[in-house]
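Here is how the chains run, residue by residue.
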Amino acid sequence: MDVVKAVETYITKLVSTPSAMKVLLLDTHTTPIVSLASTQSTLLSHQVYLTDRIDNRKRDRMSHMKCVCFLQPSEDSLEALTAELREPKYGEYYLYFSSILSKPAIERLADVDEFEVVREVQEYFADYAPLLPCLFSLNHTPTSDKPLYGSSPNVWDPFALERSVQGITAVLLSLKKKPVIRFEKTSGMAKKLASEVQHRIQAEATLFDFRLTQVAPLLLILDRRNDPVTPLLSQWTYQAMVHELLGIHNGRVDLSMVPDIRPELSEITLTTITDPFFQAHYLATFGDLGTSLKNYVQSYQSHSLAQSSSSINSIFDMKRFVEEYPEFRKLGGNVSKHVALVGELSRLVDRDRLLDVGEVEQGLATSSGSDFKNVQAVVNNPVVPAWNKLRVVILYALRYQKTQTSNIAALINLLLSNGVSREEARLVYVFLNVAGSDQRQDDLFSTESLLAKGRSALKGLKGVENVYTQHTPHLSQTLENLFKGRLKETTHPFLDGTGTNMGLQRPQDTIIFMIGGTTYEEARTVALLNQEAGNSSTGTRLLLGGTCVHNSSSYVEMIRTAAEKFPVSVYEPPPESATTAPSLNLNLGGVNVSLGGSAGTGVYRTSSDHVGVQAEGIKDGMRNFIGRVKQGVDKIGLP
């Protein structure tokens, strides 16, 4: 289940016909899809000499050229295409659409093709962005103009629902899967999406007429609201860290704001199919990355010596130099890119005090807990940006919602006195009302039973050698239950009984779709599980997708914009906090800072001198490492 290969196969097919010089026309939706799954050299090898947008009306007329159009069958794209066909600029048109084309749309295109230039119309189901072989996105990052939610956190926006149905349908068709469907029972949005996808599969029965397998594939629909913690955390693995601190948008990273960046590095491409170093290390922790980058630079330096003029002493050497020079230039550019990228990550970690913030975050997100005073220290630190203070307090509120209401109120007041605006501070209660313990289906912090506490505590302490990557996404626990046949139908039912008695069967292919967006941390979990499955004959192949891929900024912004359409009560404290909370939705008057208080029950790293010393040593070691990386980056001179 490799979505990059699936989309790449579609693109290769559509540019292979006709075998002549051609133009490729795309729209705003298909442009990033093609860029993620193909390269300029691949397109050129199929005689694509010009790539442009269908809505660009300033294109020159070239009647000797053939035209291949790859478009989403949206109203905007169909309108631009009908205008193109009324006044064709090319001799022949080959039309390909990224999802199912309706009969009225086909009739509409036939009516405007007066010059009879259309030679072919087909559906190629590449209606999603293939970010990794095991990760896809529908590229729907919610905004006020294109929201995900309707009037409440349990209601879809109609456009968002249809977009999700189209995207999931395209994924299933491109991989030739007809799945049974399971969903989170407490999520109204998950049940609605499951029903709509099933209805679409039944309505397009001829398209889904695939060979039956012994165990049907599984489509598992989850809701981001059941795990609001994962997208709020600082990240410490390469790909996730770049997305958190800089943002990865359809395989591209904007470095134009980086101090003293060279012009050719102001925007870089960062995908596994075009970058061998990134392919090898995108899952690596930041600590391991330093060693790998050092070896990469040394490899480049040795190649540089081999390409120097003093090493060319014969005709054979000249021939070797000519053959290897393009690859040498490419290697040099890639080394420069990753040195600049890691250098900027190191600078941001140091500037924003992310080592201190990350340690507290990991404590809040795992069984080890985090002392109230540690959270206070982060909020009171004038060097820590207000944004990071808000994230830590939201995490504290999500963890201790039922037990530490007075501390949550004190931290909100502390935010107000430490550079966080009132509009941002009230997001603490928005998160509790949208994704708090009463809205979550599962026990996210393992506080229900002694057994769960013990299991979670052992899991947290086992990874204490790296205090910054203790957290594992809740998705990993869900998948573990699925693999072992313990994912209960009471919590994740099959749609309309379609999977009766299938709960005990281990599916060979599982597609997970996260409503509200997934994360690169969850994608890393899926990639590592796939690697384990590849070494086992009984393993399950996993594919993860979501409406988008979040970092903490986009996730909080999604909740912020969504809350504007929810009832005003979303800004009010939950019932258990009403007596102690400041009224942030109506009256944000004087600041009353309350300090002190218990940190609550649990396993605390700071309560054990032995573990505390380990953590401090790790943190000092991490600081030293980042210092060394920064020095190394400053010293390396690359052409």
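The coordinates are above.
Source: prediction; values computed, not measured.

## Overview of the overall build of the chain
- Across its full length, the chain carries 22 helices and 13 strands.
- When the accessible area of the chain is evaluated, it comes to approximately 28100 Å², of which 52% is carbon and sulfur surface.

## Some remarks on the sheet that holds strand E8 (residues 180-183)
- Spatially, the 6 strands line up as an open sheet ordered E6-E7-E13-E12-E9-E8, and their pairing is mixed. This sheet does not close on itself; its edge strands, each paired only once, are strand E6 (129-132) and E8. In this sheet, adjacent strand axes meet at a mean angle of 25° when their direction is disregarded.
- Where strand E7 (residues 135-137) lies against strand E13 (residues 541-546), 3 bridges are found, and the strand directions are parallel. Residue Phe 136 lies in a different strand from E13, and its bridge partner there is Gly 545.
- On the sheet, helix H20 (residues 520-534) packs against E6, E7, strand E12 (509-515) and E13 and is oriented at approximately 165° with respect to E13.

## A look at the pairing of strand E1 (residues 22-26)
- Most of E1 sits inside the fold, with 5 of its 5 residues counted as buried.
- Neither face of E1 is open: one carries Lys 22, Leu 24 and Leu 26, the other Val 23 and Leu 25, and all of them are buried.
- When E1 meets strand E3 (residues 62-71), the two strands line up parallel, connected through 5 bridges. Paired with Leu 25 across the strands is Cys 69, a residue of E3.

## What about the packing of aromatic side chains?
- Tallied over the full model, the rule gives 14 aromatic pairs.
- Looking at Arg 426, its charged tip hangs above the ring of Tyr 571, at a distance of 3.9 Å from the centre.

## Digging into the pattern of salt bridges
- Within this structure, the stated rule accounts for 24 salt bridges.
- One salt bridge in this structure joins Asp 55 and Arg 53, with 3.1 Å as the shortest N-O distance.
- For the salt bridge of Arg 262 with Glu 264, the shortest nitrogen-to-oxygen distance reads 2.8 Å.
- Within this structure, Arg 57, Arg 59 and Glu 84 form a network of salt bridges that share partners.

## Examining the packing of helix H12 (residues 354-365) against helix H14 (residues 386-399)
- Where H12 contacts H14, the axes come no closer than 9 Å and their chain directions differ by 15°. Taken together, the axis directions place H12 and H14 in an arrangement best described as roughly parallel. The hand of the H12/H14 crossing is left-handed. For the pair H12 and H14, the contacting residues are Leu 354, Val 357, Val 360, Glu 361, Gly 363, Leu 364 and Ala 365 in the first and Asn 388, Arg 391, Val 392, Leu 395, Tyr 396 and Arg 399 in the second.
- Per-class residue counts for the contact of H12 with H14 are 8 nonpolar, 2 polar and 3 charged.

The rules behind these values
- Residues numbered from 1 in each chain as written.
- Predicted model: local features only at pLDDT ≥ 70, side-chain atom pairs only at ≥ 80, totals over all residues.
- Heavy atoms only, no water.
- Helix = DSSP H or I, 4+ residues; strand = E, 2+ residues; numbered from the N terminus.
- Areas by Shrake-Rupley, 256 points an atom, 1.4 Å probe, with all protein chains shown as cover.
- Pairing = 2+ DSSP bridges.
- Axes fitted to C-alpha atoms, helices over the stretch in contact; angles between N-to-C directions.
- Contact = heavy atoms within 4.5 Å.
- Buried < 20%, exposed > 50% of the residue type's maximum accessible area, 1.4 Å probe, protein only.
- Phe/Tyr/Trp six-rings, centres within 6.5 Å; stacked < 30°, edge-to-face > 60°.
- Lys NZ or Arg CZ within 6 Å of the ring centre and 35° of its normal.
- Salt bridge = Lys/Arg side-chain N within 4 Å of Asp/Glu carboxyl O.
- Parallel < 35°, antiparallel > 145°, perpendicular 65-115°, else oblique.
- Left-handed = near helix turned anticlockwise from the far one by under 90°.
- Nonpolar A, V, L, I, M, F, W, Y, C, P; charged D, E, K, R; others polar.

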